[in-house]
Amino acid sequence: MIEPQAPARPAAPPWPGPARLPVRPGTGRFLVLACVFVCAACGLVYELELVAFASYLIGDSVTQASVVLSVMVFAMGIGSLAAKRLRWHAAAGFGAIEIVLALVGGCSAMALYAVFAWTGGWGGIWAEGPRCLLVAFSLAIGLLVGAEVPLLMELIQRIRRQDAGGAVADLFAADYVGALVGGLAFPFLLLPFLGQLTGALLTGSVNVVAGGALVLGLFRRDLTRRARWTLLLVGLTVLGVLATAAALADEFERAARHAVYGKDVRVAVQTGVQEVVLAGGTRGRPLDLFLDGRLRVGGRDERRYHEALVRPAMAGPHARVLVLGGGDGLAAREVLRRPGVRRVDVVELDAGLIRLARTDPGLSALNGHAYDDPRVHVTTADALTWLRAAPPVPYDVVIADLPDPGITASTKLYSQEFYGLARRVLAADGRLVVHAGPVATRPRVFWTVASTLRASGFGLSPYRVLGRDPGFPAGPDRSAGAPRAPHDWGFLLADPGGTAPPLRLDPRGPRPRTLTPRELAADGLAARRTRIGGLPASTLVHPRY
């Protein structure tokens, strides 16, 4: 609640007088604004780090970003109000806030990862632990960041009193420029070169050093001897904690990855697009491929999935084949097994994943060294962008081996525009096949994709395939050990001519199951009521056909 302000007595400022500085007032103001700049950069790094970690570990980047941003902005307002009670002790209060903020923000990534890794599979109330901790950190960091600005305003006014409008303009200019630098530093410097854990810990160290230097260096005469020593010792302790955590970050990350992905983790790299983790794949152990924490390829059932994806589409003409996505090379492997294939074009966004598919012994063996075949041509590009400028030579088969339609980042790859462009590159008797997610657990998403395909002029033959092991979750894009993971794959075989293509079964592969009348009844009805990833209804959802 905003408290009404009683009018101050004329000549009675909220501080006893001008600060006694060891430097000239102009230099002092510059140092305060420099501290504002650094604190704003650190605050935005904490914010982006929470958003990124939530997207990797929990999924649905739009939802997680909305939660983090809205909670933090709300908390910043509460923190600004609470900071009014510290105005009489602005220097000591600001120093204490920076120490706490450095500890909370610096350790937030490690704490989130620990809770997700070691308690995420417990089930029950513990299943929501990462989400609850995400909100708690967003609230705490927002409160502390919000309290910074009123105290910095007091400190800058103590140096040289200025009209409120001018002081606010100077302060906010430094704050916004610092936020820009922090926002650019996170994706281009901290994340690729240090990783999330070490990057957050380094940001906390910068935060505590900047705040401590300002208070203990510039405003030390405003502090009692006891306050100076307390801030110094506590700040050094927090700095020691952050440095120790940074030294142990690699060991911690390895242990957490083992807890999440199992003991067979061999490769964990952050490419320019995503985090890629490979587990197993050597000494006869099945290989699992995780992309941003989601199991994209499960060694126990990947062959069943890729055979069901590729073989029905390859039943007709298949001299020229286009694979959209599929950087792991497994869809290309299935394509190359059919005689008569003359050219396979693979369009994959992540060059790092393609490099692993070529060079990693486990993954390259699993894909049959598909990228060594001279018929395979790889283009590193976004599938939608590539289709817009695709060559005029038509393809007999287009295979959409893309991330799950339930993931926000992949929504554009299931839009009407995307399917319209795919239809343009297909031959008149060609076929498009799409993995549309599990039918049993997410029928609305499945039939929304079907509705979008029909609105793009395709005729459809929907089918699904169950996982080999009923006790093992099937399909890509599932979290490891998720208790409610899907146990089936849903596919859509599409014909650009508008007629339903015949579903020719391959006796050597998994036998697709036709959908039940109850499942077919969901066709269209669910699509009208559901959006994928929040895109407008006109893009994805169409009336029943």
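Residues numbered from 1 in each chain as written. Predicted model: local features only at pLDDT ≥ 70, side-chain atom pairs only at ≥ 80, totals over all residues. Heavy atoms only, no water.

### Points about the pairing of strand E5 (residues 320–325)
1) Next: Burial runs high along E5: six of the six residues are buried.
2) Next: Examined bridge by bridge, E5 and strand E6 (residues 343–348) share five bridges and lie parallel to one another. Note on E6: the bridge partner recorded for Leu 322 is Asp 345.
3) Next: Read from E5 through helix H9 (residues 330–336) to E6, the crossover connection turns out right-handed. (Buried < 20%, exposed > 50% of the residue type's maximum accessible area, 1.4 Å probe, protein only. Helix = DSSP H or I, 4+ residues; strand = E, 2+ residues; numbered from the N terminus. Pairing = 2+ DSSP bridges. Right-handed = clockwise from strand over helix to strand, strands pointing away.)

### Here we look at helix H10 (residues 351–359)
1) Next: Taken together, the buried positions of H10 are Gly 352, Leu 353, Ile 354, Leu 356 and Ala 357.
2) Next: Where H10 begins, the capping side chain belongs to Asp 350, and its oxygen is found 2.9 Å from the backbone nitrogen of Gly 352. (Polar contact = N/O pair within 3.5 Å; in protein donor to acceptor, adjacent residues only side chain to side chain.)

### Brief notes about the pairing of strand E8 (residues 395–401)
Taken residue by residue, a regular strand's side chains alternate between the two faces of the sheet.
1) Next: Burial within E8 is extensive, with seven of its seven residues counted as buried.
2) Next: With five bridges joining them, E5 and E8 adopt parallel strand pairing. For Val 323, the partnering residue across the bridge sits in E8 and is Ile 399.
3) Next: As judged from the five bridges shared by E8 and strand E9 (residues 426–435), these two strands associate in the parallel manner. Its bridge partner lying in E9, Tyr 395 is registered against Leu 426.

### What to know about the packing of helix H3 (residues 90–119) against helix H4 (residues 129–159)
1) Next: At a minimum axis distance of 9 Å, the contact between H3 and H4 shows a crossing angle of 160°. Considered as vectors, H3 and H4 are oriented roughly antiparallel to each other. Regarding H3 and H4, the two cross each other, and that crossing is left-handed.
2) Next: Within the contact of H3 with H4, the residues separate by chemical class into 23 nonpolar, four polar and three charged. (Axes fitted to C-alpha atoms, helices over the stretch in contact; angles between N-to-C directions. Parallel < 35°, antiparallel > 145°, perpendicular 65-115°, else oblique. Left-handed = near helix turned anticlockwise from the far one by under 90°. Nonpolar A, V, L, I, M, F, W, Y, C, P; charged D, E, K, R; others polar.)

### Side note on the sheet that holds strand E10 (residues 459–466)
1) Next: Taken in spatial order, the seven strands line up as E7-E6-E5-E8-E9-E12-E10 in an open sheet, and their pairing is mixed. Only two strands of the sheet have a single neighbouring strand rather than two, namely strand E7 (376–380) and E10. Each neighbouring strand pair of the sheet contributes to a mean axis angle of 15°, computed without reference to strand direction.
2) Next: Note: E9 against strand E12 (residues 488–495), four bridges, orientation antiparallel. Residue pairing in the sheet places His 435 in a bridge with Phe 491 of E12.
3) Next: The strands that helix H8 (residues 302–310) touches are E8, E9, E10 and E12; relative to E8, the one it contacts most, it runs at about 145°.
4) Next: Where helix H14 (residues 443–455) meets the sheet, its contacts fall on E9, E10 and E12, and the angle it forms with E12 comes to roughly 5°. (Contact = heavy atoms within 4.5 Å.)

### Topic: unusual backbone geometry
1) Next: The phi torsion at His 369 lies on the positive side, around 55°, for a residue other than glycine.
2) Next: Topologically, His 369 is positioned in the loop between helix H11 (361–366) and E7.

### Regarding the packing of H3 against helix H5 (residues 164–218)
1) Next: For the pair H3 and H5, interaxial distance at closest approach is 8 Å and the crossing angle is 175°. In terms of axis orientation, H3 runs roughly antiparallel to H5.

### With respect to the confidence of the model for the chain
1) Next: Summing up the model confidence of the chain, the mean pLDDT is 83 and the portion of residues at 70 or higher is 82%.
2) Next: A low-confidence stretch, residues 5–12 (pLDDT under 50), is modelled with two contacts involving residues beyond four sequence positions or located in other chains.
3) Next: A low-confidence stretch, residues 470–484 (pLDDT under 50), is modelled with 41 contacts involving residues beyond four sequence positions or located in other chains. (pLDDT = per-residue confidence, 0-100.)

### Considering the nonpolar core
1) Next: In terms of nonpolar packing, the biggest core is built from 66 residues, with Val 32, Phe 94, Leu 152, Leu 155, Leu 214 and Phe 219 touching the most fellow members.
2) Next: Per-element accounting of this core gives the leading share, 13 residues, to H3.
3) Next: When neighbours within four sequence positions are excluded, Leu 152 is seen to be in contact with Val 32, Val 36, Phe 94, Leu 171 and Leu 214.
4) Next: One finds Val 297, Ala 313, Val 344 and Ile 354 within the second-largest nonpolar core, a separate group that totals 39 residues. (Core = buried A, V, L, I, M, F, W, Y, C linked by side-chain atoms within 4.5 Å.)

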